[in-house]
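Topology and contacts: notes
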Amino acid sequence: MRKEKEEREREEREREKEQWERGKKELVDRIRRLEEEREREEREKRRNNIVIKGVEWKEGNKEEAVKEFVRDKMGIETEVEKAHAIRVGDRTTIMVASMKSREEKIKIMKGKSKLAKGVYIVDNLTKKEREIQQQIRREAIIRREKGENVRIGYRKLKVGDRWYRWNEKKERLSEERRRGEEK
């Protein structure tokens, strides 16, 4: 009698534990989906933004300052929706500017090679995207030290003639398969 009661209690505890584990897994999955959705929304919000580094900006209208900079330094006429400066230390300022359209941003990104040394224009990445790119750059440094020919792209790395793309699920670079190739 007593053994049967103990066995029923043990089975009940196991069922409760399984229910708790299922509930925990559902919550973890839901949190992951919500974080992914928030990241997608944040990426979309920053899609037309550029970040300009290495320029000393004058006080005044930030949108006009960015517009003049792009016109004077790159020879591109553009419309700036909004802009704001981020101070780093006491001198260097980073300017974040939202362009009116995706096409205007693309024009600027294609023309950034005309800029002087020490002045950079980059995409406005989310914190997670910056962390991923940092990991890719670290891998590139390691590969370059080994004497390999390396190129970096957005969420990807080319080593020799092989491409590696960032795998979200594994949170690391994975070699890209070629068509018809078995792995």
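Rules behind the numbers
Residues numbered from 1 in each chain as written. Predicted model: local features only at pLDDT ≥ 70, side-chain atom pairs only at ≥ 80, totals over all residues. Heavy atoms only, no water. Pairing = 2+ DSSP bridges. Helix = DSSP H or I, 4+ residues; strand = E, 2+ residues; numbered from the N terminus. Axes fitted to C-alpha atoms, helices over the stretch in contact; angles between N-to-C directions. Contact = heavy atoms within 4.5 Å. 1 Å grid on protein atoms, 1.4 Å probe; cavity = no way out; pocket = protein on both sides within 12 Å on 5 of 7 lines; lining within 4 Å. Points joined across faces, edges and corners; volume = space filled by probe spheres on them. Nonpolar A, V, L, I, M, F, W, Y, C, P; charged D, E, K, R; others polar. Polar contact = N/O pair within 3.5 Å; in protein donor to acceptor, adjacent residues only side chain to side chain. Buried < 20%, exposed > 50% of the residue type's maximum accessible area, 1.4 Å probe, protein only. Phe/Tyr/Trp six-rings, centres within 6.5 Å; stacked < 30°, edge-to-face > 60°. Lys NZ or Arg CZ within 6 Å of the ring centre and 35° of its normal.

What follows covers the sheet that holds strand β6 (residues 156-159). An order of β5-β6-β7-β8 is seen for the 4 strands of this open sheet, with the pairing classed as antiparallel. Edge positions in the sheet fall to β5 (150-153) and β8 (172-175), since each of these pairs with one other strand and no more. Geometrically, the sheet is characterised by an average inter-axis angle of 25° between neighbouring strands, direction not taken into account. With 4 bridges connecting them, β5 and β6 associate as antiparallel partners. The residue bridging Val-150 from the neighbouring strand is Val-159, located in β6. This element, helix α4 (residues 127-145), spans β5, β6, β7 (162-167) and β8 of the sheet and lies at about 175° to β5.

In this structure, the largest pocket occupies an estimated 1,000 Å³ of space. Along the walls of the largest pocket sit 36 residues, with Asn-49, Val-122, Asp-123, Asn-124 and Leu-125 positioned nearest its centre. Looking at the lining of the largest pocket, the elements that each hand over two or more residues are α1 (2-46), β1 (49-55), β2 (80-87), β3 (93-99), α3 (102-111), β4 (120-123) and α4. Grouping the amino acids of the lining of the largest pocket by side-chain chemistry returns 14 nonpolar, 8 polar and 14 charged. By volume, the second largest pocket amounts to about 350 Å³. Together, Arg-32, Glu-35, Glu-36, Arg-38, Glu-39, Arg-40, Arg-43, Lys-128, Glu-168, Lys-169 and Glu-171 line the second largest pocket. Looking at the lining of the second largest pocket element by element, the count peaks at 7 residues for α1. Here the lining of the second largest pocket is composed, by residue class, of no nonpolar, no polar and 11 charged.

Quick look at the sheet that holds β3 now. Strand order in this open sheet of 4 strands is β2-β3-β1-β4, and the pairing throughout is antiparallel. The two strands at the open ends of the sheet, each matched to only one other strand, are β2 and β4. On average, adjacent strands in this sheet sit at an angle of 25° to one another, irrespective of strand direction. Both β2 and β3 contribute to a ladder of 7 bridges, which runs antiparallel. Within β3, the position partnered with Ala-85 by the bridge is Met-95. Sitting on the sheet, α3 is in contact with β1, β3 and β4, with an inclination near 135° to β4.

Once that is clear, we can look at the side chain of Thr-126. Here Thr-126 is to be found in the loop between β4 and α4. At 2.5 Å, the side chain of Thr-126 forms a polar contact with the side chain of Glu-39. If sequence neighbours within four positions are ignored, Thr-126 has contacts with Glu-39, Glu-42, Arg-43 and Arg-46.

Time to look at the environment of Ala-97. Here Ala-97 shows up in strand β3. Given the relative accessible area of 0%, Ala-97 is considered buried. Taking the C-alpha atoms as reference, Ala-97 lies 19 Å from Lys-114; in sequence the two are 17 residues apart. Here Ala-97 is in contact with Asn-48, Asn-49, Ile-50, Val-66, Val-80, Lys-82 and Ala-83, once residues within four sequence places are set aside.

Throughout the structure, instances matching the rule amount to 0 aromatic pairs. Note that Arg-143 overlies the ring of Tyr-164, its terminal NZ or CZ placed 5.3 Å from the centroid.

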